[in-house]
There are 2 protein chains.
Amino acid sequence: MSKIKIGLFGFGVVGEGLHEVLKKAYTADAEIVKICVKHHNKKRTLPDSYFTYNPDDILNDPQINLIVELIDDAEESYHIVKRALEKRIPVVTGNKKMLAYHLEELIELQKKNNVALLYDASACGSIPVIRNLEEYYDNDLLLSVKGILNGSSNFILSKIFNEHMDYAKALKMAQDLGFAESNPTFDVDGYDSLFKLVIITVHAFGTYIHPDKALTYGISKLEQWDINYALEKGTRIKLLADVSKLNDDEITMFVLPCFVPPDKYIYSVEDEFNGVVIKGEYYDKQFMFGRGAGGHPTGSSVLSDITARQHDYKYEYKKRNNYKKMSYTTDCDIKLYVRYHNEKDLELFKFHDITEKYWSEEYCFIVGTVKLADLIAVQNEIKARDLFIAKLY
Amino acid sequence: MSKIKIGLFGFGVVGEGLHEVLKKAYTADAEIVKICVKHHNKKRTLPDSYFTYNPDDILNDPQINLIVELIDDAEESYHIVKRALEKRIPVVTGNKKMLAYHLEELIELQKKNNVALLYDASACGSIPVIRNLEEYYDNDLLLSVKGILNGSSNFILSKIFNEHMDYAKALKMAQDLGFAESNPTFDVDGYDSLFKLVIITVHAFGTYIHPDKALTYGISKLEQWDINYALEKGTRIKLLADVSKLNDDEITMFVLPCFVPPDKYIYSVEDEFNGVVIKGEYYDKQFMFGRGAGGHPTGSSVLSDITARQHDYKYEYKKRNNYKKMSYTTDCDIKLYVRYHNEKDLELFKFHDITEKYWSEEYCFIVGTVKLADLIAVQNEIKARDLFIAKLY
């Protein structure tokens, strides 16, 4: 095992967290030798000699044998990771948006250059979801992966449900505590969950689904009426990411708020925690639970990727390479709740089986079955209207 | 990847489960070619041509490239595994008792013969505890592993606590459902949990602790009074297996019934399920939960070991080989509840800090602090008396 000399991109919450974690992980024999940052004149916790503003200072440094990329900007991240892999320098990244959009290409690039790209930290912070899907659930038994993949929106939902906090205050609190992404719409509108789900799906079923082809809907339109409906039914609203096998050939996936009953494991996942339920034939359900956000938990997950590199670990993409390819279908039913104010907005939805209807001067709701494909076709319209949708579990 | 041709030892609940699971896992390219069993004239679900009664028929068959050992008898298991490793045939085993007593030797044997022994199925059935400790928590951050490692005793406790079932009926039910080991004292007296904890400790902290040197106490002496005490305190009694880092040099471990408060993850682990809480610096706590017993869940875990062999996976014993060795100490305090009837039995315990005492004509109890070493010294005495001990969380 040779000493790992890290060139780090980004020194935000996770970057600083990693630096702290590495100090404690003394046996790891890994050291940050250079850090590339963007903003000059920012006060930082390390001496100036660590920092550079030029990516080439890291990419061309022959002593650096691992690049850890923890910057916010997905496009910049993509260019750094691509350049590093082309130069055959292994990379650890936490940038889920970048991965969600470029994973297909980056898998090919790893293969072509025989170099590793690890990113367990990109999905669910400290929970080793990707590694377990890749190494332990590498067989035909897997049926679904469902979970709460975004700590920030879950924190907000917990504050709203348990402490009757209002949305704006809860969001502010999540940001102050460092759980939220710099762009909060990533968290609350479901994109962060979607990006993670895209990555998870590649390792769970071998299928890459472009983020733009999936249904994503978040919690930013949530109102007291929706909370009341959830409470009346004895449920809690959770932002659910779901990829499921429908039959031997097809999977489907989506990110949607969901009314979760108390007998489901994810009902009890509160605050900034993440929880993932892995379901398979024969072993039934397994539940993994932990901190999904924050500098230190994510830093410790990056550490696991770094130590994995000490043992030359790389993802083998077993499901993609060795198993029957599963197709992504949107031709499936979803039982949906729509809370709305304007009767015209209902025209967006092609309900084919209505089980509940409510009308008042203040608000209305309807519950029925819709096709996922029909929802995806109008999802931008849905997001623009004054309404809220959620799935019945 | 070459086809895996399995020589199977044992065709009980787990062996049959594995056979079922393999049928479904069609991509695995693994096949059971021969099964060695003990009892002649037993009705079995496969044709006679599969079976042999002579271990040599498997050990000397050149087409067999993996031995899966799922028999009950620990001594027989030891001899089979040892012979196989000496012949450089990789082995997957589920025999925790055998491993707990012989792991040190078997680790050396793997090294000497450059051959793999995998046993994820031996601890917690379908939960990938060993694999995650070995691969993901392979750093200095780990602080403790605590959990419910025995499905059968947990099933009994759940039935007693939630359905007011009596002990004998609950035990019978666990056995009928196939959760219990053939020797129920393994389950209810904590030995099954202890054996798993010994294995986990090797992968968590690199330290092998001989089972005879640890405190193990089970639930077979549990009475209604103990349940009442638990309920009064708002807790549930769970059979807890615990290995914890005490400082930079020392760990301790034990298996003890424990009064678990509702805010602990394992409080909600019910029925035959297992739950493991992995605690570390920076990532705080992670919780893994799943079916810990039964033919199919354990069979699916054996499948993960089999497919791992397709990728030449072996445990690297990272903590043992690369990290600072932690010593096992028993010089630490435990807050203990003792329910007893005979005042003389109290002499067994050297309490040095008593916080509760209760006396009635029917029963008495005392709560205070004792040294773990002092408990171990008299553990056989304790087990022989008409009393019950449990740890306060």
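Residues numbered from 1 in each chain as written. Chains lettered and ligands numbered in written order. Predicted model: local features only at pLDDT ≥ 70, side-chain atom pairs only at ≥ 80, totals over all residues. Heavy atoms only, no water.

1. Focus on the packing of helix 4 (residues 96-113) of chain B against helix 9 (residues 191-205) of chain B
Residue and element names in this part refer to chain B.
Stage number 1. Their axes nearest at 7 Å, the elements helix 4 and helix 9 cross at an angle of 25 degrees. As far as their axial angle goes, helix 9 and helix 4 are roughly parallel. Along this stretch, helix 4 crosses helix 9, giving a crossing that reads as left-handed. Along the contact surface, helix 4 presents Lys96, Lys97, Leu99, Ala100, Tyr101, Leu103 and Ile107, while helix 9 presents Asp192, Phe195, Lys196, Val198, Ile199 and Val202.
Stage number 2. For the contact of helix 4 with helix 9, the per-class residue count stands at nine nonpolar, no polar and four charged. (Axes fitted to C-alpha atoms, helices over the stretch in contact; angles between N-to-C directions. Helix = DSSP H or I, 4+ residues; strand = E, 2+ residues; numbered from the N terminus. Parallel < 35°, antiparallel > 145°, perpendicular 65-115°, else oblique. Left-handed = near helix turned anticlockwise from the far one by under 90°. Contact = heavy atoms within 4.5 Å. Nonpolar A, V, L, I, M, F, W, Y, C, P; charged D, E, K, R; others polar.)

2. Regarding the side chain of B:Glu270
Residue and element names in this part refer to chain B.
Stage number 1. Structurally, Glu270 is set in the loop between strand 10 (250-260) and strand 11 (273-280).
Stage number 2. Polar contacts involving the side chain of Glu270 include one to the side chain of Arg236, which spans 2.8 Å.
Stage number 3. Once residues lying within four places of it in the same chain are set aside, the contact partners of Glu270 are Asn154, Ser158, Asn162, Arg236 and Lys238. (Polar contact = N/O pair within 3.5 Å; in protein donor to acceptor, adjacent residues only side chain to side chain.)

3. Brief notes about the packing of aromatic side chains
Stage number 1. For the structure shown, the criterion picks out 45 aromatic pairs over all chains.
Stage number 2. Measuring from centroid to centroid gives 5.5 Å for B:Phe11 and B:Phe51, while their planes differ by 70 degrees, and the two rings are edge-to-face. Taken together, the residues span a long stretch of sequence, with B:Phe11 in the loop between strand 1 (4-9) and helix 1 (13-24) and B:Phe51 in strand 3 (residues 51-52) at a distance of 40 residues.
Stage number 3. When the centroid spacing of 5.3 Å and the interplanar angle of 35 degrees are considered together, the rings of B:Tyr265 and B:Phe287 count as tilted. Taken together, the positions of B:Tyr265 in the loop between strand 10 and strand 11 and B:Phe287 in strand 12 (residues 284-291) put the pair 22 residues apart, joining distant regions of the chain.
Stage number 4. Pairwise contacts between aromatic rings join A:Tyr265, A:Phe273, A:Phe287, A:Phe289, B:Tyr265, B:Phe273, B:Phe287 and B:Phe289 into one cluster. (Phe/Tyr/Trp six-rings, centres within 6.5 Å; stacked < 30°, edge-to-face > 60°.)

4. So, the sheet that holds strand 3 of chain B
Stage number 1. Pairing within the open sheet is parallel, and its six strands lie in the order 3-2-1-4-5-6 (chain B). Either end of the sheet is taken by a strand with one partner, and the two such strands are strand 3 and strand 6 (117-118) of chain B. (Pairing = 2+ DSSP bridges.)

5. Remarks on the confidence of the model for chain A
Stage number 1. Model confidence for chain A is summarised by a mean pLDDT of 94, while 99% of its residues fall at 70 or above.
Stage number 2. For this predicted complex, the interface score ipTM comes out at 0.88, alongside a pTM of 0.92. (pLDDT = per-residue confidence, 0-100.)

6. Description of the relation of the copies chain A and chain B
Stage number 1. Once chain A has been moved 0.0 Å along the axis and rotated by 180 degrees, it coincides with chain B to within an RMSD of 0.0 Å. What the rotation and shift describe, once combined, is the action of a two-fold rotation axis. Of the C-alpha atoms belonging to chain A, the one lying closest to the rotation axis is found on A:Met288, 2.3 Å away.
Stage number 2. Comparing interface residues between copies, 100% of those in chain A also sit at the interface in chain B, which points to an isologous, same-surface contact. (Least-squares fit on C-alpha atoms with pLDDT ≥ 70 in both.)

7. Remarks on the pairing of strand 2 (residues 30-36) of chain B
All names here are of chain B.
Stage number 1. In terms of burial, strand 2 is a largely internal element, five of the seven residues being buried.
Stage number 2. Here six bridges tie strand 1 to strand 2, and the two strands are oriented parallel to one another. Of the residues in strand 2, the one forming a bridge with Lys5 is Glu31.
Stage number 3. Taking the sense of rotation as the criterion, the β-α-β connection linking strand 1, helix 1 and strand 2 turns out right-handed.
Stage number 4. When strand 2 meets strand 3, the two strands line up parallel, connected through two bridges. Along strand 3, the bridge assignment pairs Ile35 with Phe51. (Buried < 20%, exposed > 50% of the residue type's maximum accessible area, 1.4 Å probe, protein only. Right-handed = clockwise from strand over helix to strand, strands pointing away.)

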